Amino acid sequence: MEAKRKLIDDKGKRLDGRTWDQLRPVKIEVGVLKNADGSAFIEWGKNKIMAAVYGPKEVHPKHEVMPDRAVVRCRYHMAPFSVDERKNPAPSRREIEISKVIREALEPALVVEDYPRTAIEIFVEVLQSDGGSRVAGITAAALALADAGINMRDLVCGVSSGIVDGQVVLDLNDSEDKEGSGDMPVAIMPNLGLVTLLQIDGIYTPDHFKKAFELAIEGGKRIYEMQRQVLLQKYFGSSPAESTAEEQE
Amino acid sequence: MEAKRKLIDDKGKRLDGRTWDQLRPVKIEVGVLKNADGSAFIEWGKNKIMAAVYGPKEVHPKHEVMPDRAVVRCRYHMAPFSVDERKNPAPSRREIEISKVIREALEPALVVEDYPRTAIEIFVEVLQSDGGSRVAGITAAALALADAGINMRDLVCGVSSGIVDGQVVLDLNDSEDKEGSGDMPVAIMPNLGLVTLLQIDGIYTPDHFKKAFELAIEGGKRIYEMQRQVLLQKYFGSSPAESTAEEQE
Amino acid sequence: MEAKRKLIDDKGKRLDGRTWDQLRPVKIEVGVLKNADGSAFIEWGKNKIMAAVYGPKEVHPKHEVMPDRAVVRCRYHMAPFSVDERKNPAPSRREIEISKVIREALEPALVVEDYPRTAIEIFVEVLQSDGGSRVAGITAAALALADAGINMRDLVCGVSSGIVDGQVVLDLNDSEDKEGSGDMPVAIMPNLGLVTLLQIDGIYTPDHFKKAFELAIEGGKRIYEMQRQVLLQKYFGSSPAESTAEEQE
Amino acid sequence: MSAVKKNYIVETIRKAQLSELLAKGKRLDGRSLEQYRELKIETQLIEKANASARVTLGNTQVIAGVKIATGTPFPDTPDKGLLIVTAEVLPLSSPYAEAGPPDEDAIELARVVDRGIRESEMVDLTELCIVAGKVVVTIFVDVSILNVDGNLFDATSFAVVSALKTAKMPKYVPDGDKAKATGETIPVPVKRVPVSVTMARIGNVLIVDPSIEEEAVMDARITLTTDDDGNICAGQKGNPSTFTPAQVMAAAELSTRKGKEIRKQIVGAAK
Amino acid sequence: MSAVKKNYIVETIRKAQLSELLAKGKRLDGRSLEQYRELKIETQLIEKANASARVTLGNTQVIAGVKIATGTPFPDTPDKGLLIVTAEVLPLSSPYAEAGPPDEDAIELARVVDRGIRESEMVDLTELCIVAGKVVVTIFVDVSILNVDGNLFDATSFAVVSALKTAKMPKYVPDGDKAKATGETIPVPVKRVPVSVTMARIGNVLIVDPSIEEEAVMDARITLTTDDDGNICAGQKGNPSTFTPAQVMAAAELSTRKGKEIRKQIVGAAK
Amino acid sequence: MSAVKKNYIVETIRKAQLSELLAKGKRLDGRSLEQYRELKIETQLIEKANASARVTLGNTQVIAGVKIATGTPFPDTPDKGLLIVTAEVLPLSSPYAEAGPPDEDAIELARVVDRGIRESEMVDLTELCIVAGKVVVTIFVDVSILNVDGNLFDATSFAVVSALKTAKMPKYVPDGDKAKATGETIPVPVKRVPVSVTMARIGNVLIVDPSIEEEAVMDARITLTTDDDGNICAGQKGNPSTFTPAQVMAAAELSTRKGKEIRKQIVGAAK
């Protein structure tokens, strides 16, 4: 019906002033909740997401115990005030699906064999939502898992790429996600070079697909660098516990 | 408000051309699902119903175990696309009641004492619904139970009778069920001569009641003959497994 | 918008003719249900409330067993026809909260240590609702507990006070509750002189607060006198089991 | 109802004892085979409802309340009002009843009672139409089971029928596409008085109005509802057991006969 | 909350230790009996909400978000807007919290906080009426509990009050029977600042702002909300235990006194 | 699906056996790595639905039904019709399936199938607009899983696409703010035929159309949907395991290739 507005201007600048391969500002704090065994708070664009981990802990109900490994559980949930229209607090079908893919994105990094007969519970609570909330949640949750001292094969980090105004771009914000023509959240284990989450929406020529996928992997590595800095500062740094990493490009 | 249309014409023909004591076409296949221990698919008028049986199997939850017999469970369910207006997939009060009466219609035929501490689960899934779906479901489920090798005292078969345009008729279709003035689904164990299901809706003089009840029992015996043919062909016949019985009157 | 009507007339009479410190008529029967271990039916103003107790009984589910005492449970529920607009039968948030405060008002009177590893279940069913249904429910439930033979430190009785037309009054009826400016249900153990329920709604100056609180305690003692009479008549009296106490002021 | 928990040994002994008695035409509580327990019907207990009735049948106790409002008709019956019957087996009614949404027993109970009333055309639903396809009168009859002691089907049906028979409703007139209350009050348009009669088969014997002990050992149950003219207008066989065709015909005759007796009592109570 | 799991032996030892301390006027964490833990209020964290506030009370952490829309008034208050408070004890907030619909503790929490705000007439709901009986402003205040460390009642109330005090809403004008946004933004009509003060009785001693260790051993709880004029506008006794009348009166006096202190902090944070 | 119950010992043995075979390019059932099981598509089975399709893929059996009605558009897409896909893994489909609301597996299944259709722009939703912002055509596609034997993603997608491709709907014209059916019947505006191709990684080997035995031991799963032009329009990685980037690119190429073959079969069946 109405003409779509341009999302990238003639000079290649996006609505928020970024270039095609630039990330939004990211700020991360680790160890922010007292009760949780591990926690992290991430602000990424307008995303504000709390991640927390409990475990290894006893399994309830008992019949879900696995004799040779930990059970991993995950709940991704959005606060009622996190989106433009108030959201019903009951979990939507979307939240249930995202809980599952986040769990499947993080579990490959966990040495679950080290914790037989236990449960590891991961909570991702979106206090404010922007484009890429699931990859931001994964990024924060991986830090919460590390903060909880769970043995891990690698960190997990993620970022979306997508197609906006016919161009491949990195790290879509809310408007680009909704008005663009493709969104591809990707999570990786950066040191092992393995993909743990991949979802694709939109229409990608084989060429666009390759380019967007590679861009997301490259962007993920930049996110990993921030995760690493946060952990270094938290555990070895001179700066205070709520040390933050702000992206400089 | 509006005048009711005639459901039986001057020559005694019903809307679909049948006489008062004629059944709709029936077609039955046994053993149609690979995972179920027993299964049957019935087409009866426009009814298309899949019945399947699992068991005897372990009882969950444990506290429902019966020490001297099998627990029998039944779920009658309609697919969302099975009726004119899309049906919500959650079980309605009607489906819950019909699940109960179907279970109580089939259980008398099962030698539940032969299977202590187990469960026998019966599923009746209506893919397309027409008048008489519960008796069609019972007819198919009895064959699925036989196909599962459960010890039975008799088969169970059923058919509705009712009152249409003031006349007693056999095997009401959807229009006759909705626009007629009485519907009486009956299920029997044909060899034992016992009634296992009886529901009555509408207004029956004592005379009409007797006539309709006897007609349904007589019709049930005709349905039994088809069940018997299907089992004979399936287990002893030369024709292929998906042998069918088509009613000839 | 519209002017509020006067709830107390120039002569100090309330809408139903009572003075500021007068109770509505109260009628109580004990032992009215056959299956329950204890029961009582109270009519208080237009309130008609059935209370019943089951227990001490086995605890389900088992993991809720307490090794050194009884678990106490309570359900306050309103019949769909108990209020002006038909009420959905599913428990509302209000009913869930009131169930909790009633339980916490009655439990202090129960010698739960005498019944380790058991459950005591209290049901308060409002058949018709008027102002003060929770204190009427507590009053009846305490009698049902006594009728069930549960060891008690004291009875529990209750009444509301509140602010109507700027005056402190006792025992608000429905209109006074809705149109008045304050409602304070209070329950006490009358012989021990202890408060077991206190809820406050409305705006109370410190002086009004003191006066209303003391009035409710004094009114509670009058209710206790009726409870005592009912039990005396039931267990020692010459009058029949459905003996009643009608308030005389 | 779910309110009956089975104990096999007790049941077997009970059943033997009962069958012996029944063979002599006697019952545990001294009744004859075709005798109801004492039936008490009280109406107009709940002033806030449009009608109400408490039925005591032996120790079974139920209360029905009627609430009337306006609503939207179903698309396939645009000129008919709505009549909705629900039943809740309250957790205080029995040591085996549990709080929560109605289970299959409570759903069957409400639906069988509802069909008895609906199929008998007790209430003329077309008189409840205010503006066809837009707004009609909606009648809710909610039943709370207070004490379970057998034969909830009949107790519930008697309560619903008695309440409806005494129910008054606001008179509505069309106001464009909406309803306007005139301020007058009129009776609910009741045309007939259906009576539910529930029978149990224990061995070869058919009894009416089974008590909870009889329900615990009964083989099969049948509820038949008859109208003022002696027609059968609704029926439901229950329990995982059977009837012979002759037993069904005997039950039909018995239900018509007992129905006449009870109808008088319901009509009397509703005056 | 459900987030407190009881262990009887530990509790008994703890309680003895605590009671000894309290007899000397001291608490485990060094506070005096009438002293709150450190209170931090941050507002305007959630840009997508009409207002928000994060409250940190010791290690208890909650966040409230306000969402404003138009809706239909209740039939019995046609000229009043709606204010709806909910609370969710998030499963990440405590090892004992569980995902799922709110349990009785979370429902009590939200309802007690709601009453404190509603009964104090903090927000003038009549100013939220756009077209009487048709369309009004609806204010949702949803609270997410992030870390449970005692006294959720006060932390939640402070967050809701602080958020409402800073909330802006679109200005609506009537457009026939509907609402039209003018494009302007106006503050939510806040008239008062109610303050919730929660006290625990442990033995004979009354303390304010119980920590989670204190909640685990407390006998009874009382929450009293006072307004700017020192009036009591809402109250709730909690826990299966008792207060003497004198203790209630002492709590009333204490709540008014502490309420004044905290009101300054809330008003300061909302600037 | 939840319909797969894991037994670790059996699984380990099975996996060793399977990996050996796969190393030689063979599979348990004799298929090559890139070979689908026999695919059978039957349409127009359910006369009461606007369209239907039963898909048999090996022993996996699903049936999709299409129901079309009018409804209200979402506020953010006022000029688009609605397309809603649901899936129910019926309890009769597997010994491990349970009755009840859809679990996370069934929700993922329906949402992945839905995205494949939605993102490919298979159905032109703007042609389903009747009156913008007021009334649009709503298409429900409900899928019942009848027998679970692996690869529900593709079987479900093929059934939904085949049903939509044959679906007819009433023609509606605006009538003020409402819709009026003209009495004519027109096809649903289908523009493309998306094809879902699900692949499993077992060790280093990528196979298409995993059977239930292969699913039980697979490391990771990937579903890619391609359109008529060979573009990728939807994708979902599944299972708690990984892919190398090179495996993802290989899967992309494979899905396009297999997609072309299967599209012919779907288009053929829809004639």
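Refer to the preceding data block for the structure.
Residue numbers here run from 1 along each chain, matching the order of that chain's written sequence. Chain labels run from A onward and ligand labels from 1 onward, assigned in the order the entries are written. Reporting in this predicted model follows two pLDDT cut-offs: at least 70 for local features of residues, and 80 or more for side-chain atom pairs to be given and counted; totals over whole chains, interfaces and linings ignore these cut-offs and use all residues. Only hydrogens and water are removed before side-chain values are computed, so all heavy atoms of the structure are retained for them.

Chemist: Hey, could you run me through the interface of chain E and chain C in this one?
Modeler: Accessible area lost upon the coming together of the parts serves often as the stated size of an interface. At the interface, 36 residues of chain E touch 33 residues of chain C. For the pair chain E and chain C, the two sides together bury roughly 3,000 Å², of which 59% comes from carbon and sulfur. Definition used for salt bridges: Asp or Glu carboxyl oxygen within 4 Å of a side-chain nitrogen of Lys or Arg. On inspection of chain E and its partner chain C, the count reaches six salt bridges. In this structure, Lys 100 of chain C engages Asp 105 of chain E in a salt bridge whose closest nitrogen and oxygen atoms are separated by 3.8 Å. For the purposes of these results, a polar contact is taken to be a pair of N or O atoms within 3.5 Å, where, inside protein, one atom must be able to donate a hydrogen and its partner to accept one; residues adjacent in sequence count only when each atom of the pair is a side-chain atom. The interface formed by chain E and chain C contains 16 residue pairs in polar contact (both at pLDDT 80 or more). Runs of E in the DSSP output that reach at least two residues are strands. Runs of H or I that reach at least four are helices, and both are numbered from the N terminus. Of all the secondary structure elements, the ones that give two or more residues to the side of chain E that touches chain C are α2 (104–119), β11 (220–226), β12 (232–238) and α5 (245–269) of chain E. In terms of residue count, the dominant contributor to the side of chain E that touches chain C is α2 of chain E (nine residues). When residues are sorted by character, Ala, Val, Leu, Ile, Met, Phe, Trp, Tyr, Cys and Pro go into the nonpolar class, Asp, Glu, Lys and Arg into the charged class, and all the rest, Gly among them, into the polar class. Of the residues that constitute the side of chain E that touches chain C, the class distribution is 16 nonpolar, ten polar and ten charged. Summarising the sheet, strand β9 (residues 194–204) of chain C and β12 of chain E pair through four bridges and their orientation is antiparallel. Within β12 of chain E, the residue paired with Tyr 204 of chain C across the bridge is Ile 232 of chain E. Throughout, a residue-residue contact means that at least one pair of heavy atoms, one from each residue, lies within 4.5 Å. Using a 1.4 Å probe, buried area is obtained as the accessible area two parts lose upon being combined, added over both of them. When DSSP locates at least two bridges between a pair of strands, those strands are taken to pair.

Chemist: I'm lost on the pattern of salt bridges in this one. Help?
Modeler: Oppositely charged side chains can form a pair if their charged atoms are brought close together. A complete count under the given rule lists 156 salt bridges over all chains for this structure. Close ionic contact of Lys 6 of chain B with Asp 10 of chain B constitutes a salt bridge, the shortest N to O distance being 3.3 Å. In this pair, the class of Lys 6 of chain B matches that of Asp 10 of chain B, namely exposed. The residue Glu 176 of chain C makes a salt bridge to Arg 14 of chain C at a minimum N-O spacing of 2.8 Å. Remark: Arg 14 of chain C occurs in the segment before β1 (26–30) and Glu 176 of chain C occurs in helix α3 (residues 174–179); sequence separation between them is 162 residues. According to the relative accessible area criterion, Glu 176 of chain C is buried, its value standing at 0%. We classify Arg 14 of chain C as buried; its relative accessible area is 3%. Among the charged side chains, a network of salt bridges with common partners joins Arg 14, Asp 16, Arg 18, Arg 24, Asp 130, Asp 171 and Glu 176 of chain A. Note on classification: 1.4 Å probe, protein chains only; a residue is buried when its accessible area is under 20% of the maximum for its type, exposed when over 50%, partly exposed between these limits.

Chemist: So what exactly am I meant to see when it comes to the pairing of strand β6 (residues 157–164) of chain C here?
Modeler: In regular strands, side chains alternate between the two faces of the sheet. Residue and element names in this part refer to chain C. Of all the eight residues making up β6, eight are buried; the element is thus mostly covered by neighbouring parts of the structure. Burial along β6 is two-sided: the residues Cys 157, Val 159, Ser 161 and Ile 163 and Gly 158, Ser 160, Gly 162 and Val 164 are all buried. As paired strands, β6 and strand β8 (residues 182–189) are joined by seven bridges and run antiparallel to one another. Pairing of Cys 157 across the sheet is with Ile 188, part of β8. Turn length for the β6-strand β7 (residues 167–170) hairpin, with the two strands adjacent in sequence and antiparallel, is two residues, and the turn residue Asp 165 shows positive phi of about 50°.

Everything listed here is a matter of coordinates, which is why it stays silent on function.
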